[in-house]
Structures are given as structure tokens and as C-alpha cells.
Amino acid sequence: MTETNKSTQNDIPVMQKIIAVLWPSFLVAGVETVVFYTLFDPLNVFMDYDVSRLGAYSIGFLLFWVFTALPCLLTLYFAKPCIPCAMNKNEAK
Amino acid sequence: MTEQKKATSTETPSIEQDLYQKRKKIYPRQVHGLFAALRVSGVSLLLGFFYIMPWLMWDGRQAILFDLPERKFYILGMIFWPQDFIYLTMILVIAALSLFFFTALAGRLWCGFACPQTVWTESFLYIERFIEGTRQQQMKLDKMPMNANKFFKKFSKHFIWITFSLFTGFTFVGYFTPILDLSAAIPTLNLGPWEWFWILFYGFATYGNAGWMREQVCTYMCPYARFQSAMIDKDTLIISYDEKRGEPRGSRKRGQAPEQVSLGSCVDCSICVQVCPTGIDIRDGLQYQCIGCAACIDACDDVMDKMGYPKGLIKYTTENMLNGDRTRAFRPRILVYGMILLGITIGTIIAIMNLSPIELDIIRDRNALFRETGMGMLENVYTLKVINKDIVGHEYRLSVEGIKDLKLNLAKQRIYANSGSVVEIPMSIEVDPANLKQRTTEIFFKLEAIDTNLSVTEEARFLGPRVR
């Protein structure tokens, strides 16, 4: 009983959760930035704004990071054990 | 059911406490010995390389500069353009293969001696020891309630850590923005907003990773830590405790031989645990948290010396050796990794050596396929794009072959490109229609440097009317 009630998500330390959201997204955002700016000149992307190339790279990277961190966050959220499932399992036992 | 519920509700708090237990801070004890000396030299070499490299000059410019705004990478005498990206990829592939090779050979050498996380953590530990003292003193200080002395020590430690981190961030940005401009702008704090951002960002990452996260980076963030076991086999050098010799462990007086007290060689002094930067007990066997830093070897050898026992209770060994079997250093895995590594390295070096310092692009005029001139000749219009990747400027000569008696009309008489520049030259080619055998004829543009023997040949097409 205690075994099944124990949610697997709680086994993961908070630090690991934070890292699981911020770290893979950081790595992937780096790759996305490289690929994106090989195809597009940063100055053309931010044509209407007064942004230097370094600024354009940085903004691009940060946006990619945010938009990649969101799915990581959602994965973490949906990976939570679902309560009805857990209850069904208990009744079956 | 109610009883069960009761049971769980009483148990829950203890579980919760366990699950939310905060990470215990690890206070690695200082260690002296062969491997500690190796690590210190590794750390000094790598950090020295990192901090000094951006200041070195080559031909009047920064020797290593990844100029993102200009989209050019300067490495010593070479300039890499975005189209040379493949070589960067090759270098990464070589790095990955070397990691496989050395892991198969000697375990986590990378983690213990060369990983930036180890290198910066080591320097941060050094600063921490300098301010707060030995392991015992640090633990005592942390248990103590806040007072002036504790505040002063903590403040100085973080102050030095942060200064060091900011300097690290500054150096990092110096690889992407000319470091001389950057250092000239520092006194007046007159940096661009993004330079500021990245200095602070990288500085913060250094401070966080080396000051606070430490071994958690290896446990939670490092992908290598999770898959390295796949590269380790029974012949790989690992750090291991000799259980047969050590057990049963137990304390005893100095100078008492194991046989006298009917114990193993391990005196259970727990110094191997105290020196471990990841806080594990090597005597429990090979664990994935072990970064192979060999601190426990140094520590244990020291204790064995004091006891008058032979060294090597904890040592570099292999699983086969521990089981009394033969260890083979040259085994298929090593040979295969080694051959692939050698092949790709040689291939990449040859490719980079043969990297042509000139590049020629020929762009056909898209508006008209061809034009008839008043003299009954056919004309095609092109734009030449001459890219000079060399570190000096060159003047070039152009010749075109493929059609009999073709005539070149260049917009400029002199083709000159500065180092690292792209020159575009409009041009046209005229031919006599009688010399055309088909509608599309392949022609070859040859660009030669006048001062050296550099040349490049590029294929293009000459279009004419349908040939009857």
C-alpha cells in the first residue's frame, strides 16, 4: 500500500527537476540557435529593430531557450503519476 | 482498509522527510599525493590555457577569436568561415571519440582530471580552504551561529568566488569579442548590453556550478556520467578497493599487523570517504557517482604508509585483475576506437591543411539566359564572388576555358581581395554561336593568385539558343 501510494515524482529531488527543465532546453537551444542563424542572417531577422548582431544571437538563443524549456516543463508536469491510474491499481490488488 | 490508511498516514511524514531531505553539503578533505599533484598540474594547465589564450596575438590580431558578428572564426593562422562548419563538427567528433577511447582504456580520466566542472570546483575548493580552513574548521564554522567572524569569512569567500567568476565570464566573452577592446571598456563600464549580459551569465554559471552545485552537476546534469558505464569493460582501469585484502575492516593500534588482530588491512579510518568530492564510500564498490579523481588512492596510501602496510589497498586496477585474471590492454574495443580515432584525426588534419585559401562562386544572371550582341555574338552575364580566406590580400588572374575563342569582359581590370574579404565582380562572356555545339556548354573558371601559386577552378554553364 505504501509502495503504490508513494509517487515516483517525489523520488526526484527538486534540484534534479529544475535541472531537467533548464538544462536539456539550454543544450537544445544552443543547437537551434546555430542551425537557425546558419540559415538566416541575424541582422535580417531583427531588421526593424536597433539590435546588434551579438544582440540578435543572444535574443534568439534566449527565446529558443524559453520555448524549449516550456515543453520540458510540460513533460515534467505530465510525467506526474496520474491519480485515477494509481487508484485502479490499488483496487486490483 | 482503515487500519492500512492509518498506517500510511503515520508513515507518510517520515517518507516526506526523506524525500525532501536537503542535499548534505560535502566537505572534501584536502589530500596530498601523486594523483593530487597530477590534478593540480592539470587544473593549472587548463585554467592557465583558458585565461591566457584570448590575450595571445597572431599577426596583429587575436590568435583565437570566434567573431560571431563577422561570422568568422580565427584560430592561429587560419580563418574559418560558416561554410567550413564541417571542420568544427569533425573536431567535435574527434573529441567524442577520444572520450570513448580513454574511457575504455582508463575509466573516467576526463572527469577526474580535465572536466571544467572538476577544474573550477577544485579552484573554488582551494579558495574555500584558504578562507575557511580545513574540513573540520569548515564544518565547525557552518554549525556555528552567525557572528562577526563567520560573517567576515563567508563574505570574503563569496567575494573572492564572485570576483573570480566575473573574471571567468569576462575571459569567456573575450573569446567572442576582441578582448583588448573589452578590457579597455571595463574601467569605464562602457560595454555593450549583450557583453554585460554574457559576462554576468557565464560568471553566474561558474559561481553556481563550482561554488554551490558541485557534485550535483555530475550526478544530474552530466550526460557522460550516465552512459560511461557502456564503455567500461573488465579490462578498463577503475579505482577500486581491494575487498579481499581489506575486510574485515576495523580499528587497531598503529604498527599492529592485520594477522595480529585478525582483521583485514582496512583500518576503517574513513579518510577515503572524507576526501571524496562526491561523498561516496569507495569500499562499497564501483558507483556511478565516482568521478575517478583518485583522491581516495592518495589518502589510503598515506594511511597504509603510516601503518607500515603495503600501499594499494585502494588502487587503479581492473575487474579482471581483482578476480585474479589476466588484463589485456589491447583488446578489440581499444583497437577499434583507436583506429577510428586515428583515421578521422589524420583525415581532418589533411583536410584542414588542404583547405583552399581562395574560394570562387559564379552566379549566373537570372534575368536573361543569353543575349545577342550587335556583332552577332552570344553573351552570358555572371557575377564572380571571390572569397579570400588567406591571412594576406592577393591579386588574382582569371581565365575561362571550355568554348573556342571565348571573350571575357570584366567590369574591373584588377581582381584584388583583402584578407578575409569577399569581392563581387560583374562580368560577361562572349562567344561566336558557330562554336557552340549544344544549348548548354560547361565552362571552367580558373582563378589564380598572381603572387603565389594558389588557384581554384569552378565549373559553370554557358547558355545559348537551341542548336538546330
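A. Region of interest: the domain arrangement of chain B. Residues and elements named next belong to chain B. Taken domain by domain, chain B consists of domain 1 (34–230) and domain 2 (358–463). Measuring from the centre of the C-alpha atoms in domain 1 to the corresponding centre in domain 2 gives 49 Å. Of the roughly 620 Å² buried where domain 1 meets domain 2, counting both sides, 56% is carbon and sulfur surface. Together, Ile79, Trp81 and Gln83 form the three largest contributors to the area buried by domain 1 at its contact with domain 2, with a combined 65%.

B. Representation of the pattern of salt bridges within the structure. All names here are of chain B. Enumeration over the complete set of coordinates arrives at 22 salt bridges over all chains. Among the ionic pairs, Lys25 bridges to Asp142, the shortest N-O distance being 3.9 Å. With Lys25 in the loop between helix H1 (2–19) and helix H2 (34–52) and Asp142 in helix H6 (residues 135–143), this pair connects stretches of sequence that are 117 residues apart. The exposure class assigned to Asp142 is partly exposed, which follows from its relative accessible area of 26%. Here Lys157 ties to Glu132 by a salt bridge, and the two come within 3.2 Å at their closest N and O atoms.

C. Focus on the pairing of strand E15 (residues 440–449) of chain B. All names here are of chain B. Along E15, the buried face is formed by Thr441, Ile443, Phe445, Leu447 and Ala449; none of Thr440, Glu442, Phe444, Lys446 and Glu448, which line the opposite face, is buried. Strand direction decides the pairing type here: strand E11 (residues 394–401) and E15, joined by six bridges, are antiparallel. Within E15, the residue paired with Arg397 across the bridge is Glu448. Here E15 pairs with strand E16 (residues 455–463) via nine bridges, running antiparallel. Bridge pairing in E16 links Lys446 to Thr457.

D. Expanded view of unusual backbone geometry. All names here are of chain B. Going from Glu247 to Pro248, the amide bond is cis rather than trans, its omega being -10°. By the element assignment, Pro248 lies in the loop between helix H12 (243–246) and helix H13 (258–261). For Arg214, which is not glycine, the phi torsion reads 45° and is therefore positive. Since its relative accessible area comes to 6%, Arg214 is described here as buried. Although it is not a glycine, Asp405 adopts a positive phi angle of roughly 55°. By the element assignment, Asp405 lies in the loop between E11 and strand E12 (407–410). For Asp405, a relative accessible area of 58% corresponds to the exposed category.

E. Representation of empty space enclosed by the protein. Residues and elements named next belong to chain B. Using the criterion set out here, one finds three cavities of 30 Å³ or more in the structure. Estimates place the volume of the largest cavity at around 120 Å³. Its residues assigned to classes, the lining of the largest cavity shows 13 nonpolar, two polar and one charged. Looking at the second largest cavity, its volume works out to about 100 Å³. Lining the second largest cavity are 14 residues, and of these Cys266, Cys269, Ser270, Cys272 and Cys300 lie nearest its centre. Contributing elements (two or more residues each) for the lining of the second largest cavity: helix H14 (271–275) and helix H15 (295–307). By residue number, the principal contributor to the lining of the second largest cavity is H15, which donates four residues. When its residues are assigned to classes, the lining of the second largest cavity shows 11 nonpolar, one polar and two charged.

So, how was this worked out
Residues numbered from 1 in each chain as written. Chains lettered and ligands numbered in written order. Predicted model: local features only at pLDDT ≥ 70, side-chain atom pairs only at ≥ 80, totals over all residues. Heavy atoms only, no water. Domains from an automatic or database assignment. Buried area = accessible area lost by both parts, 1.4 Å probe. Salt bridge = Lys/Arg side-chain N within 4 Å of Asp/Glu carboxyl O. Helix = DSSP H or I, 4+ residues; strand = E, 2+ residues; numbered from the N terminus. Buried < 20%, exposed > 50% of the residue type's maximum accessible area, 1.4 Å probe, protein only. Pairing = 2+ DSSP bridges. 1 Å grid on protein atoms, 1.4 Å probe; cavity = no way out; pocket = protein on both sides within 12 Å on 5 of 7 lines; lining within 4 Å. Points joined across faces, edges and corners; volume = space filled by probe spheres on them. Nonpolar A, V, L, I, M, F, W, Y, C, P; charged D, E, K, R; others polar.

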